[in-house]
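Residues per chain, in single letters:
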Protein chains: 2
Amino acid sequence: MLTIGSLGKKTGTKVQTIRYYEQIGLMPEPGRTEGGQRRYGDTEVDRLSFIRHSRQLGFPLEAIRELLDLSDNPDRSCHEADSIARRQLKQVELRMDRLKALRTELKRMIQECSGGNTADCKVLEVLRDHSECLTDHDGIGA
Amino acid sequence: MLTIGSLGKKTGTKVQTIRYYEQIGLMPEPGRTEGGQRRYGDTEVDRLSFIRHSRQLGFPLEAIRELLDLSDNPDRSCHEADSIARRQLKQVELRMDRLKALRTELKRMIQECSGGNTADCKVLEVLRDHSECLTDHDGIGA
DNA sequence: TGTAAATGTTCTAGTTGCTAGAGGTTCAAG
DNA sequence: CTTGAACCTCTAGCAACTAGAACATTTACA
């Protein structure tokens, strides 16, 4: 039986985060000691590992909730899990494309820095001049 | 003189977002009509364009605040702007590296999907098996 | 057995960068 | 002069946590 702290260490999760997952129903309410402290077993270690690994792959918590659901019903079709993963891959590729464009522009900006004073700073100039760039209005690499 | 709506259209910014920037002191308080509606001039168009363009390049609002500050003081050194940009480039490259790793793992996952039922779904299996991956504990492509 | 340190508890509020809605006012066109 | 679009303020919500206050429990060691 593990304390919340050791579970955290085992899975690379902060204690507060584990409690947060419990609060939003992603982790089950665990057993408690007489004094009211949480105690965890192997099932919980596995579940939390699954969650953390999925998070590291960028899956949003709602997608993880679906995946856990699929995982709990072994007779359902694999296609659903597959399509969730595909959706996630699309997201990742989209973000990569955006970041690539950003990197290019940032590099250009930096290369042109004269090192003088800000009055003729290329960095600020590029930032000011909106027209030069591919005006991707809902931009940001979110 | 522009209304907040036309300023928004000109710069690709939602009205609420402009008010939010004002609230956090990134945009100045503009003049008002007798009825209390905001009216903007060219200065504000420029400033907001600068902000939006910087956001599209992924700069956090705090960095933009610094950049605007530099921009307002033309006698200060360009190096500060340069180093902010460099910091930002580092962030972008870090995120790209992470996303690249994620993409690889996601692709592998998807390719191995058998299409059967979830009991032997590779996607779920990979997600369950934490050991296979480069355990990047504070991971996420944030 | 006593006690102190480490770890646990709940609750609330903050983070970033917006976005949405309620409920009301002003403005510009016809 | 009316109508309807666009404005106003204010509050709350989103994701996915993180941090802190104020207190309780557990564990290790003397």
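Just above sits the structure.
Residues numbered from 1 in each chain as written. Chains lettered and ligands numbered in written order. Predicted model: local features only at pLDDT ≥ 70, side-chain atom pairs only at ≥ 80, totals over all residues. Heavy atoms only, no water.

Caption draft 1: Structural detail: the protein's contact with DNA strand C. With respect to spatial proximity, 20 residues lie near DNA strand C, and among them A:Gly5, A:Arg19, B:Thr17, B:Tyr21 and B:Arg55 are the closest. Here, DNA strand C places atoms within 4 Å of the protein, and 83% of those atoms are sugar or phosphate. One of the side-chain nitrogen or oxygen atoms of B:Gln16 is found 3.3 Å away from a base oxygen of DNA strand C. B:Thr17 places a polar side-chain atom, nitrogen or oxygen, 2.7 Å from a phosphate oxygen of DNA strand C. Mapped by element, the contributors of at least two residues to the surface near DNA strand C are helix 1 (4–11) of chain A together with helix 2 (15–23) and helix 3 (42–56) of chain B. Per-element tally for the surface near DNA strand C: the top contributor is helix 2 of chain B, with 4 residues. Split into classes, the residues belonging to the surface near DNA strand C amount to 5 nonpolar, 9 polar and 6 charged. (Near = heavy atom within 4 Å. Polar contact = N/O pair within 3.5 Å; in protein donor to acceptor, adjacent residues only side chain to side chain. Helix = DSSP H or I, 4+ residues; strand = E, 2+ residues; numbered from the N terminus. Nonpolar A, V, L, I, M, F, W, Y, C, P; charged D, E, K, R; others polar.)

Caption draft 2: Region of the structure containing the protein's contact with DNA strand D. Lining the immediate environment of DNA strand D, one finds 20 residues, of which A:Tyr21, A:Arg55, B:Gly5, B:Arg19 and B:Arg38 sit closest. Protein-proximal atoms of DNA strand D, defined as those within 4 Å of the protein, fall in sugar or phosphate at a share of 86%. Between DNA strand D and B:Arg32, the relevant distance is 3.2 Å, taken from a phosphate oxygen to a side-chain nitrogen or oxygen of the residue. For the surface near DNA strand D, the secondary structure elements donating two or more residues are helix 2 (15–23) and helix 3 (42–56) of chain A together with helix 1 (4–11) of chain B. Top contributing element to the surface near DNA strand D by residue count: helix 2 of chain A, with 4 residues.

Caption draft 3: Layout of the packing of aromatic side chains. All names here are of chain A. For the coordinates displayed, the defined rule picks out 2 aromatic pairs over all chains. With a centroid separation of 6.0 Å and an interplanar angle of 45 degrees, the aromatic rings of Tyr20 and Tyr21 are classed as tilted. The exposure class of Tyr20 is partly exposed, given its relative accessible area of 39%. A relative accessible area of 2% places Tyr21 in the buried class. (Phe/Tyr/Trp six-rings, centres within 6.5 Å; stacked < 30°, edge-to-face > 60°. Buried < 20%, exposed > 50% of the residue type's maximum accessible area, 1.4 Å probe, protein only.)

Caption draft 4: Quick look at the relation of the copies chain B and chain A. Least-squares fitting of chain B to chain A yields an RMSD of 0.2 Å, with the superposition described by an axial translation of 0.0 Å and a rotation of 180 degrees. Here the symmetry operator amounts to a two-fold rotation axis. Considering only C-alpha atoms, the residue of chain B closest to the rotation axis is B:Met96, which sits at 3.1 Å. A high fraction, 100%, of the interface residues of chain B reappear at the interface in chain A, so the copies pair face to face through one surface. (Least-squares fit on C-alpha atoms with pLDDT ≥ 70 in both. Contact = heavy atoms within 4.5 Å.)

Caption draft 5: Representation of the packing of helix 5 (residues 78–111) of chain A against helix 5 (residues 78–111) of chain B within the structure. Helix 5 of chain B packs onto helix 5 of chain A with a crossing angle of 155 degrees between their chain directions and a minimal axis gap of 8 Å. Taken together, the axes of helix 5 of chain A and helix 5 of chain B are roughly antiparallel relative to one another. For the pair helix 5 of chain A and helix 5 of chain B, the sense of crossing is left-handed. Taken together, the residues of the contact of helix 5 of chain A with helix 5 of chain B break down into 16 nonpolar, 2 polar and 14 charged. (Axes fitted to C-alpha atoms, helices over the stretch in contact; angles between N-to-C directions. Parallel < 35°, antiparallel > 145°, perpendicular 65-115°, else oblique. Left-handed = near helix turned anticlockwise from the far one by under 90°.)

Caption draft 6: Structural detail: the pattern of salt bridges. For the structure shown, the criterion picks out 11 salt bridges over all chains. Residues A:Arg32 and A:Glu22 are paired through a salt bridge, measuring 4.0 Å at the closest nitrogen-oxygen approach. Taken together, the positions of A:Arg32 in strand 1 (residues 31–32) and A:Glu22 in helix 2 put the pair 10 residues apart, joining distant regions of the chain. Of the residues examined, A:Glu22 reaches a relative accessible area of 12% and is grouped as buried. Residues B:Arg47 and B:Asp72 are paired through a salt bridge, measuring 3.8 Å at the closest nitrogen-oxygen approach. Here B:Asp72 lies in helix 4 (residues 61–72) and B:Arg47 lies in helix 3, a separation of 25 residues in the sequence. (Salt bridge = Lys/Arg side-chain N within 4 Å of Asp/Glu carboxyl O.)

Caption draft 7: Broad picture of helix 3 of chain A. In this model helix 3 of chain A runs 21 Å from its N-terminal to its C-terminal C-alpha over 15 residues, within 8% of the 21 Å that 1.5 Å per residue would give. Residues of helix 3 of chain A that are buried: A:Glu44, A:Val45, A:Leu48, A:Ser49, A:Phe50, A:Ile51, A:Arg52, A:His53, A:Ser54 and A:Gln56. In this structure, the buried residues of helix 3 of chain A make contact with helix 1, helix 2 and helix 4 (61–72) of chain A together with helix 5 and helix 6 (122–128) of chain B. Just downstream of helix 3 of chain A, A:Gly58 is the residue with a positive phi angle, here 85 degrees. (Expected span 1.5 Å × (residues − 1).)

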